[in-house]
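Listed below, chain by chain, are the residues.
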Amino acid sequence: MTFHQQQCSNGLTIIGEVIPEARSAAVGFFVRTGSRDETLEESGVSHFLEHMLFKGTKKRDAAQVNKDFDKIGANYNAFTSEENTVFYASTLPEYHQDATEILADILRPSLRSADFEMEKKVIIEEIGMYEDNPGWMVFDHARKLFFADHPLGNSVLGTTQSIIDLKRDQMLDYFQRRYIASNITLVASGNFEWDKFLKKAEKLTTNWKFGMARRDHIRQTSGSAEFKLLEKKTTTQQNVVMICPGPPAASPLRYAANLFAMILGDQSGSRLYWSLVDSGLAESADCSFHEYDGAGAFYTSFSCDPKQTHKNLEIVIKQIHELITKGITEEELEQAKSKVLSRIVRAGEKTMNRLQEVGMTWVYLRKYKSVDEDMQTYEKVNLRQMQQLIERYPLLRLTTTAMGPLAKLKMPEIPKQPKVPNAQHS
Amino acid sequence: MAKQVFHHTFENGLTLLAENMPHVRSATVNIIVPAGCAYDPANMPGTSSVLSEIILRGAGKNNSKELSLAMDGIGLDRSCSAGTNHIRLWGATLSRNLPKTIDLFADIILKPHLPKSDIESVKMLAAQEIMSIEDDPKQKVMLALRKNHFPSPLGNDRRGTLEGLKAITHDALTKFWKKNFRPSGTIISVAGNIEWEPLKAQVEKLFGKWKGSDVPALKLSPGKGGKSHISKDTQQVQIGIAYPSVTYGHKDFYAAIGAVNVLSGGMSSRLFTEVREKRGLCYSVWASYQNFKEVAAVICYAGTTTDMAQETLDVTLKQIANLTKGIKEEEVKRLKIGLKSSMLIQEESSSARAGSIAVDWYYLGRVRPLEEIQKAIDSITTKSILSHVKEYNPKEFTIVTLGNKQLKYGK
């Protein structure tokens, strides 16, 4: 595989990873904007705007956008997170150019009023769908509780009210601020010809506005460390999310952080698996590392019979405490690495996954990493780096959110951040 | 691009399938054993599902922890789960770890410890899984729809019931394993960067002496069908609709898939356009084809706020009925490219291929070459879809709704 990059005069970056043996080609626009870049009055606009991009341009109405994607058999969609809005499509190689053309076109939407009002209804339906799903809702609450006044606590969906109140002009204003060329990366991956792609892409985007899109309030946070119980009588299980600080996306400790999450809470063979799931105390338990611009966090979650909640909280705290005081074993680290390596290889075989990986790595690190380079980086992580992670981040500074039928729940005592023994291995 | 799919049926009835994918570095192993929830003892629904959890807790010379370590040590992502007809053991890793994977999987299938000490914790897990359906309204409505629409025991939920779980003992589990784990009807399918001869020799050595009788036929009794409502205080009303279709391998199969794609393939399909894009009635609406050997159905779903629910149901049913009024050329063109793309892009995934070749074998007793599928897709026309939907025009729908308002089921 070969990597290419090009900086256009309007500030747009175009990158591509060519994999000649791939069966498909993928293309995506990565816009560096999300809920953290919204003002309070605009809450939910990034995600709403993502929907509006499929509602048409000067050239196409909404139905035509869908028809043109379907006509080339594209697998296409978009997603919005706290920091990114991504539009992507994968097709057979012969349709890669067409997919690029449609995507580039919808990146300059008309935002027609009638479409805006119609799509508002769909967004409100989407919010309603998530509100009926406590396993999802608890994460939104947990993030808000942890990040507090930090913009990363902003909800991606917004609220029904904030969506009802949103005006088309506010969306247009947001679009003009955020969707400028320098804030966007065009990414391609798979079986395509770079020169042809570049020529086409440059032509399609040449009129895009030059300018700067700022991101404010880039800072770390160690979280509120609060505890909140949300009673929801209509549910049967208790859903719990515990968040503690971790390294930001640009930190060299991000690899150690991913391995740490795996050792603590991977769905097989992890500490939480053995202490909570194997014993049947929780239906599921998980730890995952989320990295952002300037901040990072570990999300540890479990779902269980409400009666077990207090005991399970104690177990999670004990497991983290032990990882800090007794450290990670060589064997555990090797085991986590072999899992990561296998997952990297398998994900790397799918063009769509490569598009996400190559795109996100570029957006956060301004770097390209091939599958092999990514593997080598993980292979090199040692116990010393794991220890650095444990020393640098207060992993027991937990912000805890519990949602479910319980009306009362006592949060167990969290031991003071213990003194970390010096790293014995190198 | 013609590629080879290897096949061997051993004397004991076990089938081994393999597809070599020289362009990948991974390998996936997929084993289906005819011990799904359709074979659960009548008073113990959930047996197969509980077995699929406890079966990973130690096998051969490894206890539970050692087995888990051995699999993690080779970066083996795996799962074992119960379906309607089969228990499926699945694992994906780097292809160099394939022989070790087969060794470990053979232990799990043939020499599981099924430790008595774990029975309570496994049942606790299973009970929580049943309880958590209550917190997922979409899943709840779709499970009820399956149950009402498909003949029993095909429509049963693999999770079983809380009463069923209570009745399950260690003895019953062991008995179920002994009775239903058999070479006949078991399919081992492997895809990835692999070598056939050594694979075949290894499987022969490990599974060659495995014995068992033939898979017994299931006694089916019809589902109750009809319309029902589950009352629940939720933001949205969940709607599930089912009607019969033709089975895999039927001469109309591709016309039926075509019809489902006219309804729900891509965002320009009829349901997405009419229900969501033109009317803004919901976020999620779709139709899909679901099948067993004996029966098949089209299953539709929509989730929408209470005030919009009646209109959503009406519009969805109307779109299904409208299929018989005509199919457009551009619709067929679009769905054919969609089907062709997914077929070819599947070649990137050893996991998808291992699953696909097993499905073909289970339903058809052979693996269809790519060219054959391609030809079948090419043969879809407006006419073939239209004559199919006319012949199989649903006279009656099974409908289940969930939410705080009951809907009217009009014509």
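Computed from a prediction, not measured in an experiment: that's the story for all the values here.

Novice: Give me the nonpolar core: which residues, what numbers.
Specialist: Core analysis: the largest hydrophobic core is formed by 109 residues, its most contacted members being Phe-69 and Leu-107 of chain A. Top contributing element to this core by residue count: helix 9 (residues 253-264) of chain B, with 7 residues. Composition of this core by domain shows at least three residues from each of domain 1 (5-207) and domain 2 (227-403) of chain B. With residues near it in sequence (within four places) discarded, Leu-107 of chain A still touches Phe-29, Val-31, Leu-53, Phe-87, Phe-175, Tyr-179, Ile-184 and Trp-208 of chain A. Membership of the second largest hydrophobic core comes to 67 residues, among which are Ala-38, Leu-98, Ala-144 and Phe-207 of chain B.

Novice: Now, about the side chain of His-150 of chain A: what can you tell me, with residues and values included?
Specialist: Residue and element names in this part refer to chain A. By the element assignment, His-150 lies in the loop between helix 5 (134-147) and helix 6 (160-165). Under the relative-accessibility criterion, His-150 is labelled buried at 0%. Excluding its chain neighbours within four sequence positions, the residues that come into contact with His-150 are Arg-36, His-217, Arg-219 and Thr-221.

Novice: I'd like to hear about the packing of helix 1 (residues 45-52) of chain A against helix 4 (residues 113-131) of chain A, residue by residue, with values.
Specialist: Residues and elements named next belong to chain A. Across the interface, helix 1 lies against helix 4 with an axial gap of 10 Å and an inter-helix angle of 120°. Put simply, helix 1 runs oblique to helix 4. The way helix 1 lies across helix 4 gives a crossing that is right-handed. Contacts between helix 1 and helix 4 involve His-47, Phe-48, His-51 and Met-52 on the former and, on the latter, Asp-115, Phe-116, Glu-119, Lys-120, Val-122, Ile-123 and Glu-126.

Novice: Lay out the sheet that holds strand 8 (residues 238-246) of chain A with the relevant residues and their values.
Specialist: Residues and elements named next belong to chain A. Spatially, 7-11-8-10-9 is the arrangement adopted by the 5 strands of the open sheet, whose pairing is mixed. Of all strands in the sheet, those bounded by a partner on one side alone are strand 7 (227-231) and strand 9 (284-291). Direction aside, neighbouring strands of the sheet carry axes that sit 15° apart on average. Pairing analysis gives 8 bridges linking strand 9 to strand 10 (residues 296-304), with the strands arranged antiparallel. The partner of Ser-288 across the bridge, within strand 10, is Tyr-299. The sheet contacts of helix 9 (residues 254-265) involve strand 9 and strand 10, and relative to strand 9 the element is tilted by about 175°.

Novice: So what's going on with the domain arrangement of chain B? Which residues, and what values?
Specialist: Residues and elements named next belong to chain B. Once the domains are mapped, chain B shows domain 1 (5-207) and domain 2 (227-403). Each of domain 1 and domain 2 was reduced to a C-alpha centroid, and the two centroids are 28 Å apart. Counting residues at the interface gives 37 residues for domain 1 and 38 residues for domain 2. Between domain 1 and domain 2 lies a buried interface of about 3,000 Å² when both sides are counted; carbon and sulfur atoms form 72% of it. Residues Lys-232 and Glu-134 are paired through a salt bridge, measuring 3.7 Å at the closest nitrogen-oxygen approach. Scanning the region where domain 1 abuts domain 2 turns up 10 residue pairs in polar contact (both at pLDDT 80 or more). Taken together, the elements giving at least two residues each to the side of domain 1 that touches domain 2 come down to strand 1 (5-9), strand 2 (15-20), strand 3 (26-33), helix 5 (137-149) and strand 8 (187-192). Among the elements that line the side of domain 1 that touches domain 2, the one with the most residues is helix 5, at 10 residues.

Novice: Please set out the interface of chain B and chain A residue by residue, giving values where relevant.
Specialist: Listed as interface residues are 67 residues of chain B and, on the opposing side, 63 residues of chain A. Contact between chain B and chain A buries roughly 5,300 Å² in total, counting both sides, with carbon and sulfur atoms accounting for 53%. When residues of chain B are sorted by the area they lose upon contact with chain A, Asp-135, Tyr-283 and Glu-348 of chain B head the list and together hold 13% of the total. Put simply, chain B and chain A have 8 salt bridges between them.

Novice: Kindly report on the packing of aromatic side chains, identifying the contributing residues and their values.
Specialist: Applying the stated criterion across every chain yields a total of 32 aromatic pairs over all chains. Judged by centre distance (5.1 Å) and plane angle (10°), the rings of Phe-6 of chain B and Trp-196 of chain B are stacked. In this pair, Phe-6 of chain B sits in strand 1 while Trp-196 of chain B sits in helix 8 (residues 196-207), placing the two residues 190 residues apart along the sequence. On the basis of relative accessible area, Trp-196 of chain B is assigned to the buried category, the value being 11%. Looking at Arg-108 of chain A, its charged tip hangs above the ring of Trp-208 of chain A, at a distance of 4.1 Å from the centre. Across from the ring centre of Tyr-255 of chain A, 5.0 Å away, lies the NZ or CZ of Arg-254 of chain A, which sits over that ring.

Novice: Help me get a handle on the environment of His-7 of chain B, residues and values and all.
Specialist: Residues and elements named next belong to chain B. Of note, His-7 is situated in strand 1. Residue His-7 is classed as partly exposed on the basis of its relative accessible area of 38%. Taking C-alpha positions, His-7 is 13 Å from Thr-186, a pair spaced 179 residues apart along the chain. Among all residues touching His-7, those that are not within four sequence positions of it are Thr-15, Leu-16, Leu-17, Trp-196 and Trp-361. Of note is the side chain of His-7, whose polar atom sits 2.8 Å from the side chain of Thr-9.

Novice: Hey, could you go over unusual backbone geometry for me, with residue numbers and the actual values?
Specialist: Omega for the bond connecting Ser-152 of chain B with Pro-153 of chain B falls within 30 degrees of zero, at 5°, which places this linkage in the cis form. For Pro-153 of chain B, the position within the fold is in the loop between helix 5 and helix 6 (162-167). One non-glycine residue, Arg-366 of chain A, adopts positive backbone phi at about 50°. Within the secondary structure, Arg-366 of chain A sits in the loop between helix 13 (351-365) and helix 14 (371-380). With relative accessibility at 45%, the residue Arg-366 of chain A sits in the partly exposed group.

Reading the values: rules and limits
- Throughout, residues of each chain are indexed from 1 in the direction in which the sequence is written.
- For naming, the first written chain is A and the first written ligand is 1, with later ones following in the order written.
- Only residues with pLDDT of at least 70 get local features here, since the model is predicted, and only at 80 or more are side-chain atom pairs given and counted; chain-wide, interface and lining totals rely on the full set of residues.
- Note: side-chain values were computed over all heavy atoms of the structure, leaving out hydrogens and water.
- Among buried residues, the Ala, Val, Leu, Ile, Met, Phe, Trp, Tyr and Cys ones that are joined through side-chain atoms within 4.5 Å form a nonpolar core.
- Type-normalised accessible area, obtained with a 1.4 Å probe on protein chains alone, sets the label of each residue: buried when under 20%, exposed when over 50%, and partly exposed for intermediate values.
- Per the convention used, a helix needs a DSSP run of H or I reaching at least four residues, while a strand needs a run of E reaching at least two, with both numbered from the N terminus.
- As annotated, the domain borders come from an automatic or database domain assignment.
- We call two residues contacting when some pair of their heavy atoms lies within 4.5 Å.
- To get an axis, fit a line to the C-alpha atoms, keeping to the stretch in contact for a helix; angles then go from 0 to 180 degrees between the N-to-C directions.
- The cut-offs work like this: below 35 degrees is roughly parallel, past 145 is roughly antiparallel, 65 to 115 is roughly perpendicular, and the gaps in between are oblique.
- Two helices cross in a left-handed way if the nearer one is turned anticlockwise from the farther one by less than a right angle. They cross in a right-handed way if the turn is clockwise.
- Think of it this way: DSSP has to see at least two bridges between two strands before they count as a pair.
- By convention, the term buried area covers the 1.4 Å-probe accessible surface removed from two parts as they join, with the contributions of both added.
- Basic side-chain nitrogens of Lys or Arg form a salt bridge, by our definition, when they fall within 4 Å of a carboxyl oxygen of Asp or Glu.
- Between N or O atoms, a polar contact is any pair within 3.5 Å; within protein, one atom must be a potential hydrogen donor and the other a potential acceptor, and residues adjacent in sequence are included only when both atoms are from side chains.
- Ring geometry is summarised as follows: Phe, Tyr and Trp rings, the Trp one being its six-membered ring, pair when their centres sit within 6.5 Å, and such pairs are stacked at plane angles under 30 degrees, edge-to-face over 60 and tilted between the two.
- Here, over-ring charges are defined by two tests on the NZ atom of lysine or the CZ atom of arginine: distance to the ring centre within 6 Å, and angle to the ring normal within 35 degrees.

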